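Listed here are the chains, written in short residue letters.
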Amino acid sequence: MSSVGTPDPNSGWLSEEELAETRRRLPLLYVEAIPVRVDGLGRVIEVGMLLRASLEGAITRTLVSGRVMYGETLRDALFRHLEKDLGPMAFPLLPASPVPFNVAEFFPWPSDSQFTDARQHAVALAYVVPVTGTCEPRQDALELTWMTPAEAVSPGISADMEGGRGALVRAALASVGVLP
């Protein structure tokens, strides 16, 4: 319990019940990060993809992703999720501007959007984030695979991506001039 006038440091967290109710009523804000390695000129030479087991037992590829908590800046949310998924030694280079390369809308039903999330309606701000350190996936990730940009957008890899995120990777690489 916090004292009067002292903000609750965990006020951005919802219980499982509160989160389920919120997901039924409101779109949630997420950040998506495409981890990349760059050469000395800042050109993307590798793209990092997380390998995970879905709740149904399928092996899928995904990106660093997570909710933005109440009172949390976009930069803080990006950093928190990058560290959570890639480990504390990943050393991400967060963008100087909080402007994303894409805004992705995820729906739990068929829609005009190419992105889906069976749990909820969500809006994700997507960023390309160079990482310079050693990545050791944590949480529910089985591994982090580094691929060339061409491999990352190949039909086989795109088909393995959750919720249409293959299209997000393609847009990310186009935004940094790697793809036409």
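Structure: above.
First, a word on scope: everything that follows refers to the structure included in this document.

Reading the values: rules and limits
- Residues numbered from 1 in each chain as written.
- Predicted model: local features only at pLDDT ≥ 70, side-chain atom pairs only at ≥ 80, totals over all residues.
- Heavy atoms only, no water.
- Pairing = 2+ DSSP bridges.
- Helix = DSSP H or I, 4+ residues; strand = E, 2+ residues; numbered from the N terminus.
- Salt bridge = Lys/Arg side-chain N within 4 Å of Asp/Glu carboxyl O.
- Buried < 20%, exposed > 50% of the residue type's maximum accessible area, 1.4 Å probe, protein only.

## A closer look at the pairing of strand β3 (residues 59–62)
- Relative to β3, strand β2 (residues 44–53) runs antiparallel, the two being bridged by four bridges. Within β3, the residue paired with Leu51 across the bridge is Arg61.
- Counted along the chain from β2 to the antiparallel partner β3, the turn is five residues long, and its residue Gly57 has a positive phi close to 95°.

## Brief notes about the pattern of salt bridges
- Counting across every chain of the model gives seven salt bridges.
- In this structure, Arg43 engages Asp39 in a salt bridge whose closest nitrogen and oxygen atoms are separated by 2.9 Å.
- Residue Asp39 is classed as partly exposed on the basis of its relative accessible area of 23%.
- Note that Arg119 and Asp117 form a salt bridge whose closest N and O atoms lie 2.7 Å from each other.
- On the accessibility criterion, Arg119 (48% relative accessible area) is partly exposed.
- If you follow the salt bridges from partner to partner, you end up with Arg52, Lys84 and Asp85 in one network.

## Side note on unusual backbone geometry
- The phi dihedral of Phe91 falls on the positive side, at around 50°, and the residue is not glycine.
- Summarising the element assignment, Phe91 is placed in the loop between α2 (74–86) and β5 (102–107).
- On the basis of relative accessible area, Phe91 is assigned to the partly exposed category, the value being 42%.

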